Structures are given as C-alpha cells and as structure tokens.
Amino acid sequence: MPMSVFSAAQHQASTLYLPPGAWATVLDCLCEHFPAISREQWLDRIARGRVLDINGAPITQDLAYREGLCIYYFREVPNEKVIPVQETILYADEHLVVADKPHFLPVTPAGEYVEQTLLRRLIRRLDNPSLVPLHRIDRHTAGLVLFSANPQTRSAYQQLFPTRKIDKFYEAIAPALPGRTFPLVHKSRLVDGEPFFRMQEGEGVSNTETTVEVREKNGDLWRYGLFPVTGKKHQLRVHMTALGASICNDPFYPDVIKDAEDDYANPLKLLAQGVRFIDPVTGLERNFRSEISLDW
C-alpha cells in the first residue's frame, strides 16, 4: 500500500497494540481480545485485507504474536442499518472536497455506523481513500463538511481551524427570546456532562464563544444566525439551551430523550450553513454555502 494511501487508511482504521499474553498468533489474540467477533469473522477480515500491520500491509492468519505489536483493523458492523438520506458534493478539486451533509448521517465511523457515514460514502463516490475530514459536525446537524483530498497539502488546510482563519456560520430554529437584545455574544466554559455524550457549562474561564443574531420571527419560533468563534463539541446546542431557547427537535438538550428513534420528518433544526476562508494552497477566497434549508 503506498504510504500516502496508508496514511489516510490510518484515519479510518482502529489501532490495537497487542496486550501481554501467551497466544501463538495475532489471530488468536484478536479472537480472545474481541470475544464478540467470531474466529470466522476475523479470518474473513484478514482474507479481505481488513487487518494491517504497522506498515500498512495485510497480515496473514499465521502471523506470530508479539506483545506490543501495532495492528490496524477496520471496524465492521454486521447488518448495518441504511440511513435513507443523500449527501451532496458541492465542490471537489485535487486538494479540497466540500460536502453538504444531511441530518442523521455521521461524518466518520463510530458506534453502530461504519459504512453509513459521510466519509465512507465520499471515499466510494470519489474513489479516493486519502480523504480525511478537516472538522466535524454532529450526526444530528446538517450542512457543510470540508475534507482534505491530498496528504501533501493537508496540513495547510488543517491549520485554518486552530488559527481561526476560517469563518463558520450556522442557522437554527428555536423558541423566541423576546426578553433579550440581539445580536448578543455568549461565552462560557464547556465541560463533559452526563451522560458521557453530552456537554454542559461549568465554572471557570470561558473556552467557548458564540455570537447570536435574529434573522426571522415566526410567532413562538425564531430563526437565528449563529457564529461560533470556537468549535467545541455541541457548543451551539448548549449555548442556545443556556440562553433559554433549546434548538427545535434536539434529542440531547435540555434533556435526553431516551430511546429516541431518528425522526427523518423532524430533524434537529441546526444547519452548518456556510464557511469562508482564503485557500492556503491557491490563495483564492473561498465562500461555500449549504443548499439545505431549515423549514419551520
């Protein structure tokens, strides 16, 4: 496997450093370490080149076990549920891909989703295993996601985010806040919440900042423009809840809706609507806008 391709594969694969044990082969170790996956399944994955060594070469079923050996393996979910939504590619060149992600589609493999993710779908559509997402948005959020298509220029695009050389703007529909003056700036310190997948505001110096404006009023619901300066997990969802206007159809805030099924007719009313930046490779001004719209 060429090094550039393997570098991209590392982003898609899980890593395991073999633990101490008395196994004869790597296969024996994998079978005992992951008891929920049968030996037949591991043999099938190995035969299909879905288990790699540190150099990116497929392992053989008789590869000798060695403590600390680095193994890359690709997660697979049997009978993975199809997510009945379709992404759109808004722009693609040799360096950059911009996709419009629909609600409910994860960006990268996690949990019960592997093939039904934006990353895997784009790799198949563009036949480019070097694709790597430059940032993330929540599974429940729709809108723009940027991908690096070329390992040689990847770091230049990645630096746009920590150096804040990219402007991102979102749109949300949430309850009206007639008692507040807009535009307003909300700052807070976000920390891990409960359950583990939630965030919450805590004490201490703020590590998040969002500017909020009102774009349209429709009775008890308003359309808001959200401009995050920082990019913490669930930042916009937590900030709107803190202001007293949790985003419509949010299954996590203000409270977790237990055992909530994906309701494709009533998605979270949050959209990553646009990004603007100077392309670090071409020097051109880039201004991308989602083709998705939020209805009332």
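Please read all numbers here as calculations on a predicted model, not as lab measurements.

Rules of the game
- Residues numbered from 1 in each chain as written.
- Predicted model: local features only at pLDDT ≥ 70, side-chain atom pairs only at ≥ 80, totals over all residues.
- Heavy atoms only, no water.
- UniProt positions renumbered as here; feature names shortened; annotations may be inferred.
- Helix = DSSP H or I, 4+ residues; strand = E, 2+ residues; numbered from the N terminus.
- Pairing = 2+ DSSP bridges.
- Polar contact = N/O pair within 3.5 Å; in protein donor to acceptor, adjacent residues only side chain to side chain.
- Contact = heavy atoms within 4.5 Å.
- Salt bridge = Lys/Arg side-chain N within 4 Å of Asp/Glu carboxyl O.
- Buried < 20%, exposed > 50% of the residue type's maximum accessible area, 1.4 Å probe, protein only.
- Core = buried A, V, L, I, M, F, W, Y, C linked by side-chain atoms within 4.5 Å.
- pLDDT = per-residue confidence, 0-100.

(A) Fine view of the UniProt feature "domain: Pseudouridine synthase RsuA/RluA-like" (unreviewed entry) in the protein chain. In the numbering adopted here, UniProt assigns the feature "domain: Pseudouridine synthase RsuA/RluA-like" (unreviewed entry) to residues 95-241. With 14% helix and 39% strand, residues 95-241 has its two end C-alpha atoms placed 37 Å apart.

(B) Representation of the sheet that holds strand 2 (residues 51-52) within the structure. Pairing in this open sheet of 3 strands is antiparallel, and the strands run 1-3-2 from one edge to the other. On the outer flanks of this sheet lie strand 1 (14-17) and strand 2, each paired with one strand and no other. Relative to strand 3 (residues 70-73), strand 2 runs antiparallel, the two sharing 2 bridges. By the bridge assignment for strand 3, V51 is matched with Y73.

(C) Local environment of the side chain of T230. Considering the arrangement of structural elements, one finds T230 in the loop between strand 12 (221-228) and helix 6 (235-243). For T230, the side chain forms a polar contact with the main-chain nitrogen of E209, separated by 3.0 Å. At 2.8 Å, the side chain of T230 forms a polar contact with the side chain of Q235. Setting aside anything within four residues of it in sequence, one finds T230 in contact with R164, K168, N207, T208, E209 and Q235.

(D) Here's a closer look at the pattern of salt bridges. Within the structure shown, the criterion is met by 18 salt bridges. The partner of D93 in a salt bridge is R286, with the nearest N and O atoms 3.7 Å apart. Highlighted residues: D93 in the loop between strand 4 (88-92) and strand 5 (96-101) and R286 in strand 14 (residues 285-289), separated in sequence by 193 residues. Relative accessible area serves as the criterion here: at 25%, D93 is assigned to the partly exposed category. Accessibility expressed as a relative area gives 11% for R286, which makes it buried.

(E) Summary view of the pairing of strand 7 (residues 142-148). The element strand 7 is extensively covered by neighbouring structure, given that 7 of its 7 residues are classed as buried. In this structure, strand 5 lies alongside strand 7, joined through 6 bridges in antiparallel fashion. By the bridge assignment for strand 7, V97 is matched with F147. Across 2 bridges, strand 6 (residues 132-133) lies against strand 7 in antiparallel orientation. Note that in strand 7 the partner of V132 across the bridge is S148.

(F) Structural context of the pairing of strand 5. Counting buried residues in strand 5 gives 6 out of 6 residues, a clear majority hidden from the surface. Alternating residues of strand 5 divide into L96, V98 and D100 and V97, A99 and K101, and every residue in both groups is buried. As judged from the 4 bridges shared by strand 4 and strand 5, these two strands associate in the antiparallel manner. Residue pairing in the sheet places T88 in a bridge with D100 of strand 5.

(G) Up close: helix 4 (residues 118-126). All of the buried residues in helix 4 are L118, L119, R120, R121, L122 and I123. Just downstream of helix 4, D127 is the residue with a positive phi angle, here 55°.

(H) Representation of the nonpolar core in the model. Formed by 34 residues in total, the largest nonpolar core has its most connected members in L131, F147, Y224, L226, M240 and L270. Counting only elements with at least two residues in this core, the list comes to strand 5, helix 4, strand 7, strand 8 (166-175), strand 12, helix 6 and strand 13 (270-278). Of all the elements, helix 4 adds the most residues to this core, at 4 residues. Excluding anything up to four places from it in sequence, F147 contacts H95, L96, V97, A99, V107, L118, L119, L122, L131, V132, P133 and L134. Judged by nonpolar contacts, the second largest core, of 18 residues, contains V26, F34, I46 and V51.

(I) Expanded view of the confidence of the model for the protein chain. When pLDDT is averaged across the protein chain, the result is 92; 96% of the residues are at 70 or more. Here residues 1-6 scores under 50 on pLDDT; set against residues more than four positions off or in separate chains, the count is 14 contacts.

(J) Representation of the environment of L160 in the model. Along the polypeptide, L160 turns up in the loop between helix 5 (154-158) and strand 8. Sequence spacing of L160 and D279 is 119 residues, and the spatial spacing of their C-alpha atoms is 9.0 Å.

(K) Structural detail: unusual backbone geometry. Between E194 and P195 the backbone carries a cis peptide bond, its omega angle lying at -5°. Position of P195 relative to the elements: it lies in the loop between strand 9 (184-192) and strand 10 (199-202). Cis rather than trans, the peptide bond between Y253 and P254 has omega equal to 5°. On the secondary structure map, P254 appears in the loop between helix 6 and strand 13. Here D127, not a glycine, exhibits a phi torsion of approximately 55°, which is positive.

(L) Quick peek at the environment of A13. Its location among the elements puts A13 in the loop between helix 1 (3-12) and strand 1. Residue class for A13 comes out buried when judged on its relative accessible area of 14%. Put simply, A13 and R50 are 37 residues apart on the chain and 9.0 Å apart in space, counted from C-alpha to C-alpha.

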